[in-house]
Amino acid sequence: MSAPAPRRVEERAVRLDYGQFCICGNPSPDADYMPLLEQATNGSSIAAYDNGGIVISPI
């Protein structure tokens, strides 16, 4: 089984806020992103869920 192709590709420049950014495909107003941030901080600097992810930058 091959990986699905992206439906849409966009190139963006983002400004880092305290060395992190979040990409959300379908954000929920009730979502608690702190566990995801903790997972990225304690792991490989990247944490993802069904609709997005958080990236911690060393810069």
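We now turn to the structure provided with this report. (Residues numbered from 1 in each chain as written. Predicted model: local features only at pLDDT ≥ 70, side-chain atom pairs only at ≥ 80, totals over all residues. Heavy atoms only, no water.)

**Regarding the layout of surface pockets**
Take a probe with the size of a water molecule and roll it over the atoms, and the empty space left behind shows itself. For the largest pocket, the calculated volume is near 170 Å³. Split by residue class, the lining of the largest pocket holds 2 nonpolar, 3 polar and 1 charged. (1 Å grid on protein atoms, 1.4 Å probe; cavity = no way out; pocket = protein on both sides within 12 Å on 5 of 7 lines; lining within 4 Å. Points joined across faces, edges and corners; volume = space filled by probe spheres on them. Nonpolar A, V, L, I, M, F, W, Y, C, P; charged D, E, K, R; others polar.)

**Here's the deal with the pairing of strand 3 (residues 52-56)**
Bridging between strand 1 (residues 20-24) and strand 3 involves 5 bridges; their strand directions are antiparallel. Along strand 3, the bridge assignment pairs cysteine 22 with isoleucine 54. Linking strand 2 (residues 46-49) to strand 3, which pair antiparallel, is a turn of 2 residues. (Pairing = 2+ DSSP bridges. Helix = DSSP H or I, 4+ residues; strand = E, 2+ residues; numbered from the N terminus.)

**Focus: helix 1 (residues 34-42)**
When we look at burial in helix 1, the residues that qualify are Leu36, Leu37 and Ala40. Along the long axis of helix 1, the arc covered by the buried residues comes to 100°, so they all point the same way. More than 90 degrees from the buried face of helix 1, the exposed residues found are Thr41 and Asn42. On the buried face of helix 1, the contacting elements are strand 1, strand 2 and strand 3. (Buried < 20%, exposed > 50% of the residue type's maximum accessible area, 1.4 Å probe, protein only. Arc of directions from axis to C-beta. Contact = heavy atoms within 4.5 Å.)

**Let's talk about the sheet that holds strand 2**
Taken in spatial order, the 3 strands of this open sheet run 1-3-2, and their pairing is antiparallel. One side of each edge strand has no neighbouring strand; the edge strands of this open sheet are strand 1 and strand 2. Across this sheet, the average inter-strand angle for adjacent strands is 10°, counted without regard to direction. (Axes fitted to C-alpha atoms, helices over the stretch in contact; angles between N-to-C directions.)

**Examining the environment of alanine 40**
With respect to the secondary-structure elements, alanine 40 resides in helix 1. Of the residues examined, alanine 40 reaches a relative accessible area of 1% and is grouped as buried. When the C-alpha atoms of alanine 40 and asparagine 51 are compared, they prove to be 16 Å apart, with 11 residues separating the residues in sequence. Non-local contacts of alanine 40, meaning those with residues more than four positions away in its chain, are made with Ser45, Ile46, Ala47, Ile54 and Ile56.

By themselves, these observations are geometric and do not establish any function.
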